[in-house]
Amino acid sequence: MDNDVISGSRRLLTPALVFHTGIVAVKAEGLYVEDASGKRYMDFTSGLATSNLGHCPPEVVAAAKAQLENLIHSGCIFHYRSEVDLAERLARITPEGIEMFFFSNSGAEAVEGAIKLARHSTGRQGIIAFTGAFHGRTLGALSLTSSSSRYRKNCHPLLPSVFHAPYPYCYRCPMGQKSGECSLECFGFLEKMLRHQISAEEVACAVIEPVLGEGGYAVPPAEYLKRLEGLCRANGILLVADEVQTGFGRTGRWFACEHFGLTPDIIALGKAIASGFPLSAVGSTTKIMSGWPPGAHGTTFGGNPVSCAAACAAIDRTEKESILGNASDMGLYAVERLRAMQGKCASIGDVRGLGLMLGVEFVKKDGSPDREFLKKVMEGCLSRGLIVIECGPDKNVVRLMPPLTATKTEMERALDIFEEALG
Ligand SMILES: Cc1ncc(COP(=O)(O)O)c(C=O)c1O
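Presented here is a report on the structure given in the accompanying data block. (Residues numbered from 1 in each chain as written. Predicted model: local features only at pLDDT ≥ 70, side-chain atom pairs only at ≥ 80, totals over all residues.)

This paragraph deals with the nonpolar core. Residues Ala-114, Cys-205, Ala-206, Val-240, Ala-310, Ala-311 and Leu-386 are the most contacted members of the largest nonpolar core, which totals 121 residues. No other element matches the nine residues that helix H12 (residues 305-320) contributes to this core. In terms of domain composition, this core takes at least three residues from each of domain 1 (2-57 + 322-422) and domain 2 (60-320). (Core = buried A, V, L, I, M, F, W, Y, C linked by C-beta atoms within 7 Å. Buried ≥ 20, exposed ≤ 12 C-beta atoms within 10 Å, placed from the backbone. Helix = DSSP H or I, 4+ residues; strand = E, 2+ residues; numbered from the N terminus. Domains from an automatic or database assignment.)

Written as structure tokens, this is what we have:
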């Protein structure tokens, strides 16, 4: 049966779509995914940082079922409660000032919306993005994405007037500096870009992931983000935080911006917003959003009533239980264990992350990326029932992103497996 699905997948689905494992899932609950033979795996990917409350959380399933029986679709023909209820909740939990929303379906669409909104609002065309960033694969978002040239291949020309500055990925400093001993030369590069390539008054927005996701799970220095915010404010550039991957508690706070005291003008949300139902959003201040004229943007499926009901239930549960606290605690526990492993395994170059957005970077003796070692570790994990995936331009960083509900016992078990696989 599994072979049928896999061969059908190969025959009927585009090879452009890359599946991370050969598992055919028939059922999933909490941390676990089960195949047809009944084999269970611990999913430390959370379906790509999306099932933050684990698979099929009961409150979310119940809310979606109730909504399904009453109204599945609106297509912007009717108003409906679940969309407004969700906007109210988002206004409460997103960074200060974010209080109006446009709902769409995917992270890439949210980024597209953010770019369009910033251009409309400022009347400017320039966009600052960051090398290593991932913002999605639609052509606008792809113009900002630069985690791998593979994604951009044969898609040129992309959006013009997008300028990439180096992301402060300190373990592999793009400016050749030593982490903690630099003068943020990467920020100096950005300032030079504004002197030589585009003047600040022509820039609509700077779009940044507050923690680099697909590009390597790198946590930037707070000082860099503060300076970026200052530069934006001083020049009328809108600061766009892409919290598609970092949002909804992944880093132990509702949004990663909170760790850095960052106040974005626009925020892009997706992935975990509705616990696995397709939904995304662009949020901004009332002032900026109100200036987007009727018809300037739109959608048929965005803000689907069922997805919105699921999102409300997911937010309510996260607020009611100590989910964010658990993510922080489990993250600290994992970092401690991973650092202990680093002490014993020379192939681990770096352990980093916030909350349950954790990266382990594998290196060779000379410090260069060791993708082969990582592949073996991932295979070793999978054969022992733990699913982990990689990231980074050299695919030598393993990302650990279990559900925020993971218990200490589950974390212990998964980290034991990881340690065995290292051996
Ligand atoms: C930070 C970030 N932005 C945008 C996207 C695109 O989201 P989607 O795949 O839902 O279009 C992703 C996906 O990984 C992401 O990590």
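There's more to say after this.
The next thing to look at is the packing of helix H3 (residues 58-68) against H12. Relative orientation of the contacting elements H3 and H12 amounts to 150 degrees, with a least axis distance of 8 Å. As judged from the angle between their axes, H3 and H12 are roughly antiparallel. For the pair H3 and H12, the sense of crossing is right-handed. Mapping the contact onto sequence places Glu-59, Val-60, Ala-63, Ala-64, Ala-66, Gln-67 and Leu-68 in H3 and Pro-305, Val-306, Ala-309, Ala-310, Cys-312, Ala-313, Ala-314 and Arg-317 in H12. (Axes fitted to C-alpha atoms, helices over the stretch in contact; angles between N-to-C directions. Parallel < 35°, antiparallel > 145°, perpendicular 65-115°, else oblique. Left-handed = near helix turned anticlockwise from the far one by under 90°. Contact = placed C-beta atoms within 7 Å.)

A word on helix H15 (residues 408-422). Taking 1.5 Å per residue, 15 residues should reach 21 Å; H15 reaches 21 Å between its end C-alpha atoms and fits that length. Every buried residue belonging to H15 is among Met-411, Ala-414, Leu-415, Ile-417 and Phe-418, and all of these are buried. End-on, the buried residues of H15 take up no more than an arc of 155 degrees, which puts them together on one face. Opposite its buried face, H15 presents the exposed residues Lys-408 and Thr-409, each directed more than 90 degrees away. Of the surrounding secondary structure, the elements contacted by the buried residues of H15 are strand E3 (40-43), helix H13 (323-344), helix H14 (371-383) and strand E13 (386-387). (Expected span 1.5 Å × (residues − 1). Arc of directions from axis to C-beta.)

Looking now at the environment of Asp-35. Inspection of the secondary structure puts Asp-35 in strand E2 (residues 32-35). Under the C-beta neighbour-count criterion, Asp-35 is labelled partly exposed, with 18 such atoms within 10 Å. Along the backbone, Asp-35 and Ala-313 are 278 residues apart, and their C-alpha atoms lie at a distance of 27 Å. Ignoring sequence-local partners within four residues, the contact set of Asp-35 consists of Asp-2, Ile-23, Val-24, Ala-25 and Val-26.

Now for the site of the ligand. The ligand sits among 14 residues. The nearest are Gly-107, Ala-108, Gly-136, Val-244 and Gln-245. At three residues, the largest contribution of residues to the shell around the ligand is made by helix H5 (residues 107-122). Broken down by class, the residue content of the shell around the ligand amounts to four nonpolar, seven polar and three charged. (Near = placed C-beta within 6 Å. Nonpolar A, V, L, I, M, F, W, Y, C, P; charged D, E, K, R; others polar.)

For the rest of this paragraph, the subject is unusual backbone geometry. Omega for the peptide link from His-156 to Pro-157 comes to 0 degrees, which places this bond in the cis form. Phi at Asn-154 is positive, roughly 65 degrees, even though this residue is not glycine. Checked against the element boundaries, Asn-154 lands in the loop between helix H7 (149-152) and strand E6 (162-166). You can call Asn-154 exposed: it has 4 C-beta atoms within 10 Å.

With that settled, consider the pairing of strand E9 (residues 266-269). The side-chain alternation of E9 yields two buried faces, one formed by Ile-266 and Ala-268 and the other by Ile-267 and Leu-269. Relative to E9, strand E8 (residues 238-242) runs parallel, the two being bridged by three bridges. Bridge assignment links Asp-242 to a residue of E9, and that residue is Ala-268. Sheet topology note: the E9/strand E10 (residues 280-284) ladder contains four bridges and is antiparallel. Along E10, the bridge assignment pairs Ile-267 with Gly-283. (Pairing = 2+ DSSP bridges.)

In spatial order, the strands read E4-E10-E9-E8-E7-E5-E6; together these seven strands make up an open sheet with mixed pairing. Each end of this open sheet is capped by a strand with a single partner; those strands are strand E4 (100-104) and E6. Strand-to-strand twist in this sheet, taken as the mean axis angle between neighbours without regard to direction, amounts to 20 degrees. Here five bridges tie strand E5 (residues 126-131) to E6, and the two strands are oriented parallel to one another. For Ile-128, the partnering residue across the bridge sits in E6 and is Phe-163.

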